[in-house]
Amino acid sequence: MPRLSRRHLPSLGAFATFEVAAKHLSFTAAARELNVTQAAVSQQIRALETALDTSLFRRSPGGLELSPAGATLLGAVGDGLDRLTEAIATLSAPPQVDQPITIAATIGVASHWITALTRAYRESHPDTCFTILASDEDDRLSRAAGVDIALICGNDRSRAGDELYYLFPEMVQPVCSPEFLAQHGPFDDAETLTHQPLLDLHDSHWQSRAINWQPLTWVSWFNSLGITHVPRPAPLSTNCNPILIDAARRGEGVILGWRHIVAEDLARGTLVPAHPHVLRVERANFLQVNDHARDRPDLRPFVDYVLDQSRSIAAA
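As the structure is a prediction and not an experimental result, all values here were calculated from the model.

Side note on the overall build of the protein
Along the protein, the regular secondary structure elements total 11 helices and 11 strands. A compact globule built from 316 residues should have a C-alpha radius of gyration of about 20 Å, whereas the protein, at 35 Å, is more than 25% larger. For the protein, the spread of C-alpha atoms along the principal axes amounts to about 105 × 35 × 30 Å. Considering only contacts in the protein between residues 6 or more positions apart, those separated by 24 or more positions represent 76%. Surface accessibility of the protein: about 17,400 Å² in total, with carbon and sulfur atoms responsible for 53%. Looking at the protein, you have 27 positive and 36 negative side-chain charges, and the mean spots of the two groups are 9 Å apart.

Some points on the UniProt feature "domain: HTH lysR-type" (unreviewed entry) in the protein
Per the UniProt annotation, the sites labelled "domain: HTH lysR-type" (unreviewed entry) are residues 10–67. From the first C-alpha to the last, residues 10–67 spans 19 Å; its make-up is 62% helix and 14% strand.

Side note on the environment of F15
Inspection of the secondary structure assignment puts F15 in helix α1 (residues 12–24). Residues F15 and A190 lie 175 residues apart in sequence; the distance between their C-alpha atoms is 89 Å. When sequence neighbours within four positions are dropped, the list of residues in contact with F15 reads P10, L48, L73 and V77.

Comments concerning the packing of helix α5 (residues 107–124) against helix α9 (residues 241–249)
Two elements in contact, α5 and α9, have axes separated by 8 Å at closest approach and are oriented at 50°. Compared by their axis directions, α5 and α9 come out oblique. Across from I107, G108, S111 and H112 in α5, the residues of α9 making contact are N241, P242, I245 and R249. Of the residues contributing to the contact of α5 with α9, the split by class is three nonpolar, four polar and one charged.

Points about unusual backbone geometry
Between G185 and the following residue, P186, the backbone shows a cis peptide bond with an omega angle of 0°. The residue P186 is located in the loop between α6 (178–184) and β7 (200–201) in this model. Non-glycine residue N35 carries a positive phi angle of around 60°. Of note, D53 is a non-glycine position whose phi angle comes to about 55°, a positive value. In this structure, D53 sits in the loop between α3 (38–52) and β1 (57–60).

Cut-off values and rules
For every chain, the first residue of the written sequence is number 1, and numbering continues from 1 onward in sequence order. Given that the model is predicted, a residue must reach a pLDDT of at least 70 before its local features are reported, and side-chain atom pairs must reach 80 or more before they are shown or counted; all residues, however, enter totals for whole chains, interfaces and linings. For side-chain calculations, the full set of non-hydrogen atoms in the structure is used, while hydrogens and water are omitted. The way it works is that DSSP assigns letters per residue, a run of H or I at least four long becomes a helix, a run of E at least two long becomes a strand, and they are numbered from the N terminus. Atoms counted for the radius of gyration: C-alpha only. Globule rule: 2.2 Å times the number of residues to the power 0.38. Contacts are assigned to residue pairs that have any heavy atoms within 4.5 Å of one another. A 1.4 Å probe and the Shrake-Rupley method give the accessible areas. Residues count as covered only by the protein chains that appear here. Counting rule for charge: Lys and Arg are taken as positive, Asp and Glu as negative, and neither His nor the chain ends is counted. Charge positions are represented by NZ for Lys, CZ for Arg, CG for Asp and CD for Glu. UniProt positions are given in the numbering used here, feature names are shortened, and annotations may be inferred rather than shown by experiment. Axis lines are fitted to C-alpha atoms, over the contacting stretch for helices. Their N-to-C directions set the angle, which ranges from 0 to 180 degrees. An angle below 35 degrees is read as roughly parallel, one above 145 as roughly antiparallel, one from 65 to 115 as roughly perpendicular, and any other as oblique. All amino acids are sorted into three groups, where Ala, Val, Leu, Ile, Met, Phe, Trp, Tyr, Cys and Pro are nonpolar, Asp, Glu, Lys and Arg are charged, and the leftover types, Gly among them, are polar.

Spelled out as structure tokens, the structure:
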């Protein structure tokens, strides 16, 4: 079969008119769809048949029908116009912007641990974007619309069917600035810490809706060592963990540092352990992957990264 040069092909408009006429098997219906006259449709079909030197339609008692050549051409024209439409849509579509990974956590976890993790992750995945939502006041944030993953404490907050990953137990240890330790320490005997300015989380922190679990306080830490501690008014008490950490960095006193929250400060040396004893409690921290995000391919590498980084905290 001789191969027709592309420059000798009939016009694209003629092929488009043929497809519509073949779909309706009516020049009148094709004219209505194309918003032209029936004579214009007939003229384009005749020109196409002349160019191809073949009949594309046959008249029968039942009306118009495709010839064998017309049936063959219709399949090719349909495929070609579909591919052309797809290509044009691709060219004219706005550039795709990667959807950010949205993470929900408490203020302390978001401000310190998650922020540090996302910053480190972007060094090897620079195209990944993050949205971090932080709140101690609303437990519903972990399932809010658009939240992909959430850091939660205690699996009593989960429900059947949730995709949860265990991270590490709740662990606290006294920490302070290196300057404070050099000036007032060492505190080899835990009881000597009772005479130091012990900065503390206010009771309202533990009663907020996103937390609302058994308080972990200086009394808890001293009790775990068999020491009865009668708390005095703290030089600074706040419901905001980042405020406590900033105060400790400035050398204002000793705080109970949640291991994952102060991990970056310990690594940098801006905070140091004031005493080696680490209090571990039964409740644990989990990573929750929400339903709509389970099949996101870009989420899985980050989830694996969080799990890998959490192992060093769990082993501490």
